[in-house]
Every structure is written in C-alpha cells, then in structure tokens.
Amino acid sequence: MFHGQRRPAQMGWHSTARAAAAGMLLSACVGSIDAPRHWSQDPSDPEAPGTALPIGATGLSPNNTGATAAPGATKPGSTGATATNGGAPGVCAVGSAPMRRLTHAEYNNAVRDLLGDTSAPASNFVLDNQVGIFNNTATAQTVPSVLSDQYMDTALDLANSVTDVKKLVGCDPKGTNASAGATCVRNFIGTFGRRAYRRPLTAQENTRLLDLYNRTRMASDEATGVRSVVAATLVSPNFLFRPEFGSAAAAFANSRKLSAYEQASRLASFLWASLPDDQLLDAAANNQLGTPAQIEVQARRMLADPKAKEAVADFFDQWLGLSVLGAAVKD
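Because the structure is a prediction, the values reported are computed rather than measured.

Engineer: Go over the packing of helix H9 (residues 260-272) against helix H11 (residues 292-303), please, and point to the residues and values.
Structural biologist: At a closest axis distance of 10 Å, the pairing of H9 and H11 adopts a crossing angle of 30 degrees. On the basis of their axis angle, the class for H9 and H11 is roughly parallel. Of the two elements, H9 crosses H11, and the hand of that crossing is right-handed. Mapping the contact onto sequence places Gln263, Leu267, Ala268, Leu271 and Trp272 in H9 and Ile295, Gln298, Ala299, Arg301, Met302 and Leu303 in H11. Class assignment for the residues of the contact of H9 with H11 results in 8 nonpolar, 2 polar and 1 charged.

Engineer: Residues and numbers for H11, please.
Structural biologist: Taking 1.5 Å per residue as the helical rise, H11 with its 12 residues ought to reach 16 Å, and the 16 Å between its terminal C-alpha atoms agrees with that figure. If you check which residues of H11 are buried, you get Ile295, Gln298, Ala299 and Met302. The buried side chains of H11 occupy one side of the element, clustering within an arc of 100 degrees when seen end-on. Structural note: H11 exposes Val297 and Arg300 on the side pointing more than 90 degrees away from its buried face. Elements that come into contact with the buried residues of H11 comprise H9, helix H10 (278-285) and helix H12 (306-319).

Engineer: Explain the packing of aromatic side chains to me, and be specific about the residues and the numbers.
Structural biologist: Following the criterion strictly, the structure yields 9 aromatic pairs and no others. When the centroid spacing of 5.8 Å and the interplanar angle of 25 degrees are considered together, the rings of Tyr107 and Tyr151 count as stacked. Linking Tyr107 in helix H2 (residues 104-115) with Tyr151 in helix H3 (residues 145-160), this pair joins segments that are 44 residues apart in sequence. Comparing Tyr107 with Tyr151, the two get one shared label, buried. Over the ring of Trp272 we find Lys307, and its NZ or CZ is 3.8 Å from the ring centre.

Reading the values: rules and limits
- Residues numbered from 1 in each chain as written.
- Predicted model: local features only at pLDDT ≥ 70, side-chain atom pairs only at ≥ 80, totals over all residues.
- Heavy atoms only, no water.
- Axes fitted to C-alpha atoms, helices over the stretch in contact; angles between N-to-C directions.
- Helix = DSSP H or I, 4+ residues; strand = E, 2+ residues; numbered from the N terminus.
- Parallel < 35°, antiparallel > 145°, perpendicular 65-115°, else oblique.
- Left-handed = near helix turned anticlockwise from the far one by under 90°.
- Contact = heavy atoms within 4.5 Å.
- Nonpolar A, V, L, I, M, F, W, Y, C, P; charged D, E, K, R; others polar.
- Expected span 1.5 Å × (residues − 1).
- Buried < 20%, exposed > 50% of the residue type's maximum accessible area, 1.4 Å probe, protein only.
- Arc of directions from axis to C-beta.
- Phe/Tyr/Trp six-rings, centres within 6.5 Å; stacked < 30°, edge-to-face > 60°.
- Lys NZ or Arg CZ within 6 Å of the ring centre and 35° of its normal.

This is how it looks when you write it as structure tokens:
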C-alpha cells in the first residue's frame, strides 16, 4: 500500500535478497519518528524540531499516541520506512510526526469499537478536507467550528444512547455498597479511557473523570454519571487526535523511538482504521511491540480480523476513486 518511489521489493529482486533488505530496513527504521515539535508551530520554524507539546497545553500529554506516514507512503499510519542516500539499504529517512485528527471513517469505527454503536454518526459531519486522493493528510485535518459543534453534539447523543449502562461498564455502578460502586466506576474509567486514548490514563485524567462522574451522579444518578464520562471522553483531544511524542532518542539523528502505545496506535490506524483492542494494548504494556517479529505477530492477527477487510476496502476506494464511478462519464 505504498506509493511514490518504487521499492526494491517491487522491482523483481530475488526473494532471498528482498527478505534480507526488508530485514535491514525493519531493524533500522521501524518504530522511529523525527524529533517531535509543538503541534501549533510551523514546520519551517527553526526552533520547532525537538520542542515537545507541553503537558496540559491542549489537554494532551506526552504519552499520547498517533500515526505518521513513512516517506514514500501515501497512507499514513504505516509502520514502514524507506531507504534513502541513493537507495542504500539501512539508511533511514524518518517521517515527521504531526498531530493527526481522526478521519470521519476512523471516528465511526472508534465509537463502534468503544460503544458498539454502528450508526456511523460521523457520516453526517461536515466533509473531511482532502488533499490529493486521500482524506487523512494531517495538514488538512483542521477542526472548523461546525465540526467542533458536531463533535460535542454527537458525543452527547452517543452517551445518551447508552441504554444498558451495566453492560457497558461491566458491573453495577450502584454496587452492593458505596465502596463497591466506586471501585466499579474507577475500573470502568481506566479500561474505557485506555481504549479511547490508546494508552493508560494519567493520574490527573483519572481523577478528573472520576470527579465528573461523582458530580453528575449526585446531581442525577449513577447511570447519568457514567454517560457524562463517556461524553467527556469522546470530546477529549486525546480521543480525537493521535499525536506522537516518542519515548527515547533513536540511534540516528533528529529522531525518537515510538513508545509501545504509539506503535500500537499506528498498527490499529493502519490495519483497522480504528483503535487498538485490549490484546494490542496489553502487548504494548508488556513491551511486546519493540521488534519487527513482535509487530508481525500482531499484524497477522489483526489482518485476520474482519475489521482489516473494511480498512483495506476504504483504502482502495480512495486510491482508485471508486466512489466517483457512479457519476463518471464513459469515454
């Protein structure tokens, strides 16, 4: 699913040579990004590289995850990288790590996986800006006021549509006593937030959502309190955006290694156009996404899931312009 400069594997190399070259590139390049910069800074700003987004600047923290395109790749979210320096294998050209907003298709898939909601509410959003043939170019993914209002209204609608709160939470928020109910809700906030934010919540995020639940519960009831947590999570920039900050310096200049959760987010974005599932997040928590072999294990599992078929179909729909065939004039 890569476009642009053709790769050696596409040019008829012997299979052994292709495998060796792929291994060199994967070992050197996979899981790296350029030095992150403040998301509001212009890329041409000489002070931008290496400037991380301050904690709390937009409600985002450096643990957030996202997806970027490797050089030569038109489809963001890929875990690949390409060789440069005259095509010499093993020399990395690490792609940038801009702030990426969920596309409308990704939003629909995310609320489906989080809430079981298949109504595809983002299909009614103002159309995604599009550069070229794909709709997930980061520079075009702005949030105009109309879309902002739609995010808010849709989050409230989705939260209010949760009729079986016990099923969503996995336990009874009322509990047999106050302590049991509080434990139930805390566990829900942790698990639901990890899926939505693609990483574990910080202590501050946990506290803020629990406080919101308690205020709403006291003003109404436990079910409404849970719905308030759902709505707040769905309008959070931690859910709507997928930034990358990296976890440590990489082996080559001006780059950082992806965190395990950022790697999980890339895989989910690329193969499912959605959020990581618990199995993928558990792999990130156990540091099992650090090598090409470990990534391959998860990728093969994910490709066997029906969600991968939907994501691949959407890619080809955009790449080949299939959605406009109905209005095309026969030559």
